[in-house]
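Residue-level structural notes
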Amino acid sequence: MASGKLTPRQKMINLMYLVFIAMLALNMSKEVLSAFGLMNEQFESSNVDATKTNKDMHEALTAKAAENPSFANAKAVSDKAKAISEQFYNYIESLKTSLTKDIEKVDGKLPYEAMDKGDKIDEDWFEGDGYSKKGKEIIAAIEKYKSDMKAALGNDVKYKSVAAEIDARFNTADVKAQDGAMKSYLDYHYKGFPSIASLTKLSAMQNNVKVIEANIFNIALGKAALEATSMNKYTAIVVLDKNAYFQGEKVTGKVVLGRYDSNTKPTSFSGPGRIDPASGQAVIDMTAGAVGEQKISGKFTFLEDGKTVPLPFEGSY
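Described below are features of the structure shown in this document.

Conventions we followed
- Residues numbered from 1 in each chain as written.
- Predicted model: local features only at pLDDT ≥ 70, side-chain atom pairs only at ≥ 80, totals over all residues.
- Heavy atoms only, no water.
- Salt bridge = Lys/Arg side-chain N within 4 Å of Asp/Glu carboxyl O.
- Helix = DSSP H or I, 4+ residues; strand = E, 2+ residues; numbered from the N terminus.
- Buried < 20%, exposed > 50% of the residue type's maximum accessible area, 1.4 Å probe, protein only.
- Expected span 1.5 Å × (residues − 1).
- Arc of directions from axis to C-beta.
- Contact = heavy atoms within 4.5 Å.
- Core = buried A, V, L, I, M, F, W, Y, C linked by side-chain atoms within 4.5 Å.
- Phe/Tyr/Trp six-rings, centres within 6.5 Å; stacked < 30°, edge-to-face > 60°.
- Lys NZ or Arg CZ within 6 Å of the ring centre and 35° of its normal.
- Axes fitted to C-alpha atoms, helices over the stretch in contact; angles between N-to-C directions.
- Parallel < 35°, antiparallel > 145°, perpendicular 65-115°, else oblique.
- Nonpolar A, V, L, I, M, F, W, Y, C, P; charged D, E, K, R; others polar.

Some points on the pattern of salt bridges
Tallying each qualifying case throughout the model produces 15 salt bridges. Of the charged contacts, one joins Asp-56 and Lys-52 as a salt bridge, the two residues approaching to 3.2 Å between their closest N and O atoms. Of the two residues, Asp-56 and Lys-52 both sit in helix α1 (residues 8–67), 4 residues apart, roughly one turn of that helix. A residue is classified by how much of its surface remains accessible, and Asp-56, at 37% relative accessible area, is partly exposed. In this structure, the salt-bridge partner of Lys-144 is Asp-148, at a minimum N-O distance of 2.6 Å. Residue Lys-144 and its partner Asp-148 are located together in helix α4 (residues 133–153), separated by 4 residues, close to a single helical turn. Judged by its relative accessible area of 46%, Lys-144 falls in the partly exposed class. If you follow the salt bridges from partner to partner, you end up with Glu-44, Glu-93 and Lys-96 in one network.

This is the structure in structure tokens:
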């Protein structure tokens, strides 16, 4: 714009126009950086509050376990979850400290508008097209947190929804970018981003840790009863008194409420069939017997609060 057969005045006007556009872009960038900074502050404030709330819940659970032995298993699960969460939360905090240690604070606050570079993470977490030693360490830490937490929850059906939530919130699988290319987890979320954006994402990850911990404590304290008994977990099932009728015969039976939940899976099953591992439902597979009414019976076994709970069933055809 400032070349060709233009007068000096026109060249100056064009140059000033370019500078003006650049300044607008710079100001927009600063606004975005400041927005990330404010989001980070909110996450960190929320994490402080969540830490206190979770501490109170754990103390309440400890008190209940001292009063009532039936809470002993719930407390044991919560103790493990608390230790695992604290270790991983502190590891994320060490990543944040490393990211900001060379940034000088202004009036006790990070200079968000100056945190527009992502060189430190790009150099520390990545090597060529893959992860550096540090990047591999971060992925390993996330995966360890997930496996340790799920191991702490065990096979208790009450915690199945939390186990699924852990996998969803801490999924480190490759991600499909807008251009259709597949990128590794850290590459997609952190590579090339301003340091303030990466800092905010790490604070958000810490918040996820606190949310998972709180959900476990809530279930251990019995608040999951509301979710378990919610009517949207049930469906109406027609149960006839028998499965074959002659024309003109009176049909009798009842309609009952049945609870369908893919997270509620038995630890064992005995009966004429097998368990579908995906749904936890029993699939009947048998050969019909002699003429007349025949019985079908068996038993599910579930694990709840560390105890085996049998659930027999019976039907006919």
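Quick notes on α4
The end-to-end C-alpha distance of α4, which contains 21 residues, comes to 30 Å, matching closely the 30 Å that a straight helix rising 1.5 Å per residue would cover. Within α4, the full set of buried residues consists of Gly-135, Ile-138, Ile-139, Ala-141, Ile-142, Tyr-145, Lys-146, Met-149, Ala-152 and Leu-153. For α4, the angular spread of the buried residues around the axis is 165°, confining them to a single face. Within α4, the exposed residues directed more than 90 degrees away from the buried face are Lys-133, Lys-136 and Ala-151. Residues of α4 that are buried make contact with α2 (72–100), α3 (119–125), β2 (130–131), α5 (160–169), α6 (185–190) and α7 (195–220).

Thoughts on α7
For α7, built from 26 residues, the straight-helix expectation of 38 Å at 1.5 Å per residue is met to within 8% by its first-to-last C-alpha distance of 38 Å. Along α7, 22 of the 26 residues are buried, which leaves the element largely enclosed by surrounding structure. Downstream of α7 by a residue or two, Gly-222 has a phi angle that is positive, lying close to 100°.

Topic: the nonpolar core
One finds Phe-88, Trp-125, Leu-186 and Ile-216 to be the most contacted residues of the largest nonpolar core, which totals 50 residues. Elements supplying a minimum of two residues to this core: α1, α2, α3, α4, α5, α6 and α7. Element by element, the count of residues in this core is highest for α7, at 11 residues. Each residue touching Phe-88, except ones within four places of it in the same chain, is listed here: Ala-141, Ile-142, Tyr-145, Phe-170, Met-205 and Val-209.

Concerning the side chain of Thr-172
By the secondary structure assignment, Thr-172 is in the loop between α5 and β3 (175–176). By relative accessible area, which is 16% here, Thr-172 ends up buried. Not counting chain neighbours up to four residues away, the residues in contact with Thr-172 comprise Ile-139, Ile-142, Glu-143, Lys-146 and Tyr-185.

Examining the packing of aromatic side chains
Per the counting criterion, the structure on display carries 5 aromatic pairs. Taking the centre distance of 6.2 Å and the plane angle of 50° together, the rings of Phe-126 and Tyr-131 count as tilted. For the pair Phe-126 and Tyr-131, one class covers both residues: buried. An aromatic cluster is present here, built from Phe-88, Tyr-145 and Phe-170 joined pairwise through their rings. Taking the ring centre of Tyr-190 as reference, the NZ or CZ of Lys-201 above it sits at 5.8 Å. Residue placement shows Lys-210 over the ring face of Tyr-89; its charged tip is 4.6 Å from the ring centre.

Brief notes about the packing of α4 against α7
When two helices pack together, you describe them by how their axes are tilted relative to each other and by the distance separating the axes. Close contact between α4 and α7 brings their axes to 13 Å; oriented N to C, the two are set at 5°. By the criterion of interaxial angle, the relationship of α4 to α7 is roughly parallel. Of the residues in α7, those in contact with Ile-142, Tyr-145, Met-149 and Leu-153 of α4 are Met-205, Val-209, Ile-212 and Ile-216. The residue inventory of the contact of α4 with α7, partitioned by class, reads 8 nonpolar, no polar and no charged.

A short note on the packing of α4 against α5
Running from N to C, α4 and α5 cross one another at 180°; their axes reach a closest spacing of 10 Å. In terms of orientation, α4 lies roughly antiparallel with respect to α5. Across from Lys-146, Met-149, Lys-150 and Leu-153 in α4, the residues of α5 making contact are Val-162, Ala-163, Ile-166 and Asp-167. Across the contact of α4 with α5, the residue classes break down as 5 nonpolar, no polar and 3 charged.

Brief notes about the side chain of Thr-100
Mapped onto the elements, Thr-100 comes out in helix α2. By relative accessible area, which is 18% here, Thr-100 ends up buried. In contact with Thr-100, not counting residues within four places along its chain, are Leu-110, Met-115 and Leu-199.

As for the environment of Glu-123
With respect to the element layout, Glu-123 can be found in helix α3. Placed 11 residues apart in sequence, Glu-123 and Lys-134 show a C-alpha to C-alpha distance of 9.8 Å.

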